[in-house]
Amino acid sequence: MGLLLREWRRTRRHRRVRKDVHGTPERPRLVVHRSHLHLYAQIVDDAAGKTLLSRSTLHPEFKKKVMSGGNVAAARRLGEWVAEAAVAAGIKKVVFDRRFEKRPETAP
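Visitor: I keep staring at the pattern of salt bridges and nothing clicks. Help me out?
Guide: Proximity of charged atoms lets side chains of opposite charge pair with each other. Scanning all chains against the criterion turns up 4 salt bridges. Put simply, Glu7 and Arg10 hold a salt bridge, and the shortest N to O gap is 3.3 Å. Of the two residues, Glu7 and Arg10 are both situated in helix 1 (residues 3-20); the distance of 3 residues between them amounts to about one turn of the helix. In this structure Arg10 comes out as partly exposed when scored by relative accessible area, which is 40%.

In structure tokens form, the structure reads like this:
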């Protein structure tokens, strides 16, 4: 897949999500990006165009606690770390910028 096609697809996904999800000062947007090695999380106020908080598995403090940056344990720890920092910054609620449909529970 060519670089231009990949960028075009990413831009289309970005616009589609932003059409429905906006971060406000009262309820900023939580952005999560996962590469094949690391995880990145940001809390963004779209009204002001500012990133309020940013954390990733690349941070040296994080690397001391978790060995790998791209597994489930790292995702759980990063989520806890972002939540602690958000509460410390006075952020109580966020809007997650991905739209996931809840899967129906299967009967046993």
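Let us keep going from here.
Visitor: It is not clear to me how the environment of Leu58 should be interpreted in this structure. Could you clarify?
Guide: With respect to the secondary-structure elements, Leu58 resides in the loop between strand 3 (50-56) and helix 2 (60-65). Spatially, the C-alpha atom of Leu58 lies 8.4 Å from that of Tyr40, the residues being 18 residues apart in sequence. Here Leu58 is in contact with His38, Tyr40 and Lys63, once residues within four sequence places are set aside.

Visitor: I'm lost on the sheet that holds strand 3 in this one. Help?
Guide: Judged by pairing direction, the sheet is mixed, and its 4 strands sit side by side in the order 3-2-1-4 without closing on themselves. A strand with exactly one partner marks an edge of an open sheet, and here the two such strands are strand 3 and strand 4 (95-96). Here 6 bridges tie strand 2 (residues 39-45) to strand 3, and the two strands are oriented antiparallel to one another. Each residue of the ladder has a partner; that of Ile43, found in strand 3, is Leu53. Each of strand 1 (29-34), strand 2 and strand 3 is contacted by helix 3 (residues 72-88), which is oriented at about 145 degrees to strand 3, the strand it contacts most.

Cut-offs applied
- Residues numbered from 1 in each chain as written.
- Predicted model: local features only at pLDDT ≥ 70, side-chain atom pairs only at ≥ 80, totals over all residues.
- Heavy atoms only, no water.
- Salt bridge = Lys/Arg side-chain N within 4 Å of Asp/Glu carboxyl O.
- Helix = DSSP H or I, 4+ residues; strand = E, 2+ residues; numbered from the N terminus.
- Buried < 20%, exposed > 50% of the residue type's maximum accessible area, 1.4 Å probe, protein only.
- Contact = heavy atoms within 4.5 Å.
- Pairing = 2+ DSSP bridges.
- Axes fitted to C-alpha atoms, helices over the stretch in contact; angles between N-to-C directions.

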